[in-house]
Amino acid sequence: MEVTQPFHAEPFMETIEQTLLEAKTLLSVVTDNPALEARILLAYVLDTPRSYLHASPDVKLSYDQARDFENCLLRRRNNEPIAYITGSREFWSLNLSVTRDTLIPRPETELLVETILATYRHATTPIKVADLGTGSGAIGLAIAHDKPTWQVYATDVSDDALQVARKNARQCALANISFYQGNWCTALPCNGFDVIVSNPPYIAEMEWETYAEGLEFEPRDALVSGLDGLDAIRTISHSAKRYLKSAGVLLVEHGFLQGAQVRKIFAASGYGQIHSIRDLSGQERVTMGQYYP
Ligand SMILES: C[S@@+](CC[C@H](N)C(=O)[O-])C[C@H]1O[C@@H](n2cnc3c(N)ncnc32)[C@H](O)[C@@H]1O
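Section: the nonpolar core
The tendency in soluble globular proteins is for nonpolar side chains to be buried as a group.
1) Next: Ile177 and Leu251 are the most contacted members of the largest nonpolar core, which totals 35 residues.
2) Next: Per element, the largest residue contribution to this core is six residues, and it comes from helix α7 (residues 138-146).
3) Next: Apart from residues lying up to four places away in sequence, Leu251 is in contact with Leu112, Thr115, Ile116, Val195, Ile196, Val197, Ser198, Val286, Thr287 and Met288.
4) Next: Counting residues in each nonpolar core, the second largest holds 22 residues, with Ala130, Ala232, Tyr271 and Tyr291 among its members.

What to know about the environment of Pro107
1) Next: Relative to the elements of secondary structure, Pro107 occurs in the loop between β2 (94-97) and α6 (110-119).
2) Next: Accessibility expressed as a relative area gives 59% for Pro107, which makes it exposed.
3) Next: For Pro107 and Pro81, which are 26 residues apart along the polypeptide, the C-alpha to C-alpha distance reads 15 Å.

A look at the site of the ligand
1) Next: Inspection of the region around the ligand gives 17 residues, with Gly133, Asp156, Asn183, Asn199 and Ala222 positioned closest.
2) Next: Residue Asp156 places a side-chain N or O atom 2.6 Å away from an oxygen atom belonging to the ligand.
3) Next: For the ligand, a nitrogen atom lies 3.0 Å from a polar atom in the backbone of Trp184.
4) Next: Contact with the protein chains removes 92% of the 600 Å² of surface that the ligand exposes when unbound.
5) Next: In this structure the site holding the ligand corresponds to the largest pocket.

Some points on the pattern of salt bridges
1) Next: By the definition in use, this model includes 11 salt bridges.
2) Next: We note a salt bridge from Glu37 to Arg76, for which the minimum N-O separation is 2.6 Å. Within this pair, whereas Glu37 is found in helix α2 (residues 34-46), its partner Arg76 is found in helix α4 (residues 63-77), the two being separated by 39 residues in sequence.
3) Next: Note that Asp68 is salt-bridged to Arg67, the shortest N-O span being 3.4 Å.

What to know about the pairing of strand β1 (residues 88-91)
1) Next: Note: β1 against β2, four bridges, orientation antiparallel. Bridge pairing links Glu90 to Asn95 in β2.

Comments concerning the sheet that holds strand β9 (residues 284-291)
1) Next: A sheet is described by the order of its strands in space; here seven strands give the open sequence β5-β4-β3-β6-β7-β9-β8, paired in mixed fashion. Looking at which strands have only one partner, the edges of the open sheet turn out to be β5 (177-181) and β8 (272-278). Looking at each pair of strands side by side, their axes are set apart by 15° on average, direction ignored.
2) Next: Looking at chain direction, strand β7 (residues 244-253) and β9 are connected through six bridges and run antiparallel. If you follow Val249 over to β9, its bridge partner there is Gln290.
3) Next: Lying on the sheet, helix α8 (residues 159-171) is in contact with β4 (151-156) and β5; it crosses β5 at an angle near 170°.
4) Next: Where helix α10 (residues 231-240) meets the sheet, its contacts fall on β3 (128-132), β6 (193-198) and β7, and the angle it forms with β7 comes to roughly 170°.

The rules behind these values
- Residues numbered from 1 in each chain as written.
- Predicted model: local features only at pLDDT ≥ 70, side-chain atom pairs only at ≥ 80, totals over all residues.
- Heavy atoms only, no water.
- Core = buried A, V, L, I, M, F, W, Y, C linked by side-chain atoms within 4.5 Å.
- Buried < 20%, exposed > 50% of the residue type's maximum accessible area, 1.4 Å probe, protein only.
- Helix = DSSP H or I, 4+ residues; strand = E, 2+ residues; numbered from the N terminus.
- Contact = heavy atoms within 4.5 Å.
- Near = heavy atom within 4 Å.
- Polar contact = N/O pair within 3.5 Å; in protein donor to acceptor, adjacent residues only side chain to side chain.
- Areas by Shrake-Rupley, 256 points an atom, 1.4 Å probe, with all protein chains shown as cover.
- 1 Å grid on protein atoms, 1.4 Å probe; cavity = no way out; pocket = protein on both sides within 12 Å on 5 of 7 lines; lining within 4 Å.
- Sits in = over half its atoms within 2 Å of the grid points.
- Salt bridge = Lys/Arg side-chain N within 4 Å of Asp/Glu carboxyl O.
- Pairing = 2+ DSSP bridges.
- Axes fitted to C-alpha atoms, helices over the stretch in contact; angles between N-to-C directions.

What follows is the structure in structure tokens.
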């Protein structure tokens, strides 16, 4: 049930310690980690590092701070993800801005970045990478940050998402990444890529309702892709060949039950060396293939 009333008629100007204690109880309804979330939200409102809360338990909140914190608690109690409330999420140790126009980058997506860096760890020449459906820019920015000599081309169909990704590139002071708006590969300004990577939408339309709890704040077009969830992967697999150089690699993230289907799609598109990679919990999350013309 949506909570619309503030928790107190007037915000209490309590100490940091009292505020955190009360917030922990209120947040325990929506999260398994209420103490951590309370600290993240209070540090955001006070604009301090989390360590300050620990060091200053007796400091009293001002009226404005107490009111702003109440608003954050209200939003979180209504299931809004914490990243949308604070406007940021860490990915590959980069602090990225996120808005309701972008997916919140997930920790499991770091597997794509790890796989690319491991595959090209012995590369002696700079690598040219395309990140399709970049959202907040997470994958492309992580690669551009780790490999300053590589060139990253990031695309998205959403102009609003690209504005966030460009802002993140500026905040991370990265000059080796550029952004293009359009439909998957067709947005790319050139071909001859060593790597094409994507975390595309891969939820089946039928499953959206069952997944929707907690995802309803995120853009549907970033998550849902046709009847079986694989429309975007089919399109990318088919079209990426024309943009890869010989022996170039295509990698996509997918649902943990979609590995076999994605390998089939890659095989039908003519890729070789096709295999799926498991995440830390042992689930197939990434499939890659190599293109030989
Ligand atoms: C699952 S999100 C991934 C975002 C980001 N790469 C990440 O990992 O956090 C999928 C992204 O694909 C974009 N997208 C959806 N349809 C697209 C299309 N036809 N062409 C390009 N991008 C598309 C969405 O706007 C969204 O940003």
